[in-house]
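Survey of secondary and tertiary structure
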Amino acid sequence: GETAEVTASPEANDAEYLSPVSIGGQTLNLDFDTGSADLWVFSTELPTSETSGHTTFDPSKSSTFKKYDGATWKISYGDGSGASGDVGFDNVAIGGATATSQAVELATSVSSQFVSDQANDGLLGLAFSNINTVSPTKQKTWFETIKSQLENPLFTADLEKDASGTYDFGNIDSSKYTGDIHYAPVDKSGGFWEFNSKSYSIGGTKSSCTTCSPAIADTGTSLLLVDDDVAKAYYAQVDGSKNDSTQGGYVYPCSSNLPDFGIAIGDYIAVLKGSDLTYANVDSSTCFGGIQSNANSGMQIFGDVMFKQYFAVFDAGNTQFGVASK
Ligand SMILES: C[C@H](Cc1ccc(C(C)(C)C)cc1)[C@H](NN)c1nnnn1Cc1ccc2c(c1)OCO2
């Protein structure tokens, strides 16, 4: 079976990580997103006013591209952004592993957030294909297309703070983590890498929260979006912090000492170091937190803030998600 490895390069503030993907011989930089299941790209079908700074996929230049007549897609993301378009099939290679006849969703319309993020040429979904948005027939993700060719039906994420990391497909590279991998069973019925998270710790003090929402492992989200009362409890320990609606969340004096924050991955509490829980500067003295409220959306979203501190294993063979120290 095959294995493949590709770099994941951070954008400003580690807001997102981009990886090179070859589609019909054309290389685009895509945001690998374990929280969605569409592989979509900036294409020559977009108005040129929306593609400046982006690499666009040109189906007419690929000898292996096949149009999927009548199929369309339309996706809306939780941050309010979205995109839509039509569909074809082509050979899609990542790190030397090629999925043939992979569904590639070509954007004919993208929201302003995507137009302005010139580093991003589209998203590569790594969630489960039951939430793919192609109509009339849902399509497989790249990972699900290639899974049977891989040495093991799994992939790992090693994202780094302000540095390039890697995604590996088909194997677990033991040089990338220390100690044990702690797994939680995944409920994939909602399409996400979803697991229970019924406790947390703040500054070493553990709390159980039987009413806490389940969590998803989401490489496509920058922050850690936790239940509202958990976010409140965390920032109650940060002097001078406040939930500032104009900034869009909790801010505090950059001089604050942030407590460690432990998140439950099933029965295991992964402790995130407080010193790595600041996301960005709002101004020279005010900082924006990596931990924010999910506005009680009923789902906790564990994004890149977690992946920067823990090596992650997405194991489709055993339908489990695991983390290890690194
Ligand atoms: C937001 C990303 C998907 C995306 C990634 C990048 C981008 C830009 C390139 C334009 C920067 C837009 C969108 C996430 N992926 N699973 C997602 N897709 N659907 N829900 N989420 C997670 C969520 C949900 C709610 C929230 C949030 C996050 O941030 C703020 O409020």
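It should be noted that the structure appears before, not after, this text.
Okay, so let's go over this structure. Model, not experiment: these values are computed from the prediction.

Now for the site of the ligand. As a structural note, the neighbourhood of the ligand is formed by 17 residues, with D33, G78, S81, D218 and T221 the closest of them. The backbone of G35 places a nitrogen or oxygen atom 3.4 Å from a nitrogen atom of the ligand. Within the contact set of the ligand, a nitrogen atom lies 3.0 Å away from a backbone nitrogen or oxygen of G78. For the ligand, the protein covers 75% of the area, taking 640 Å² as the surface of the free molecule. Elements represented by at least two residues in the shell around the ligand include exactly β3 (26-33) and α1 (112-116). Considered class by class, the residues forming the shell around the ligand number four nonpolar, seven polar and six charged.

A word on the pairing of strand β18 (residues 249-253). Burial of β18 is extensive: four of the five residues sit out of reach of the surface. Relative to β18, strand β17 (residues 242-244) runs antiparallel, the two sharing three bridges. From the neighbouring strand, N243 faces β18, where its bridge partner is Y250. In this structure, the hairpin formed by β17 and β18 is closed by a connection of four residues, where G248 is found at a positive phi of approximately 85 degrees.

This part covers the sheet that holds strand β15 (residues 215-217). The strand order across the open sheet formed by five strands is β12-β15-β24-β16-β23, and the pairing between neighbours is mixed. The two strands at the open ends of the sheet, each matched to only one other strand, are β12 (194-195) and β23 (291-293). The pairing of strand β16 (residues 224-226) with β23 spans three bridges and is classified as parallel. Bridge pairing in β23 places L224 opposite I291. Taken strand by strand, helix α3 (residues 228-235) contacts β16 and β23, and its axis lies near 135 degrees from that of β23.

What follows deals with the packing of aromatic side chains. For the structure shown, the criterion picks out 27 aromatic pairs. Aromatic pair F143 and F155: ring centres 4.9 Å apart, planes at 70 degrees, arrangement edge-to-face. With F143 in helix α2 (residues 142-146) and F155 in strand β9 (residues 154-160), this pair connects stretches of sequence that are twelve residues apart. According to the relative accessible area criterion, F143 is buried, its value standing at 2%.

Here the focus is the environment of Q320. Within the secondary structure, Q320 is located in strand β26 (residues 320-325). Along the backbone, Q320 and L18 are 302 residues apart, and their C-alpha atoms lie at a distance of 25 Å. Look past the residues within four positions of Q320 in its chain and what remains in contact with it is Y183, A184, P185, V186, W193, V313, F314 and D315.

On to the pairing of strand β5 (residues 66-76). In the sheet, β5 pairs with strand β6 (residues 82-94) via seven bridges, with the strands oriented antiparallel. Pairing of K74 across the sheet is with S84, part of β6. In this structure, the hairpin formed by β5 and β6 is closed by a connection of five residues, where G80 is found at a positive phi of approximately 95 degrees.

Turning next to the state of the cysteines. Within the structure shown, the criterion is met by two disulfides. Between the sulfur of C209 and that of C212 lies a disulfide, 1.9 Å long from S to S. Its S-S torsion of approximately -110 degrees makes the covalent link between C209 and C212 left-handed. Between the sulfur atoms of C254 and its disulfide mate C287 the distance is 2.1 Å. An S-S torsion of about 105 degrees defines the bridge between C254 and C287 as right-handed. Taken as a pair, C254 in the loop between β18 and β19 (261-265) and C287 in strand β22 (residues 286-289) lie far apart in primary sequence, 33 residues in all. Residue classification places C254 among the partly exposed positions, given a relative accessible area of 27%.

Core analysis: the biggest nonpolar cluster contains 69 residues, and F32, W142, F169, L224, F261, I265 and F321 have the highest contact counts within it. For W142, the contacting residues outside a window of four places in its chain are L39, V92, I94, A97, A99, Q102, L124 and F169. Core analysis: the next-biggest nonpolar cluster, separate from the first, contains 15 residues, F42, A71, W73 and V87 among them.

Conventions we followed
- Residues numbered from 1 in each chain as written.
- Predicted model: local features only at pLDDT ≥ 70, side-chain atom pairs only at ≥ 80, totals over all residues.
- Heavy atoms only, no water.
- Near = heavy atom within 4 Å.
- Polar contact = N/O pair within 3.5 Å; in protein donor to acceptor, adjacent residues only side chain to side chain.
- Areas by Shrake-Rupley, 256 points an atom, 1.4 Å probe, with all protein chains shown as cover.
- Helix = DSSP H or I, 4+ residues; strand = E, 2+ residues; numbered from the N terminus.
- Nonpolar A, V, L, I, M, F, W, Y, C, P; charged D, E, K, R; others polar.
- Buried < 20%, exposed > 50% of the residue type's maximum accessible area, 1.4 Å probe, protein only.
- Pairing = 2+ DSSP bridges.
- Contact = heavy atoms within 4.5 Å.
- Axes fitted to C-alpha atoms, helices over the stretch in contact; angles between N-to-C directions.
- Phe/Tyr/Trp six-rings, centres within 6.5 Å; stacked < 30°, edge-to-face > 60°.
- Disulfide = S-S within 2.5 Å.
- Core = buried A, V, L, I, M, F, W, Y, C linked by side-chain atoms within 4.5 Å.

Spatial relationships are all this shows, so hold off on functional conclusions.
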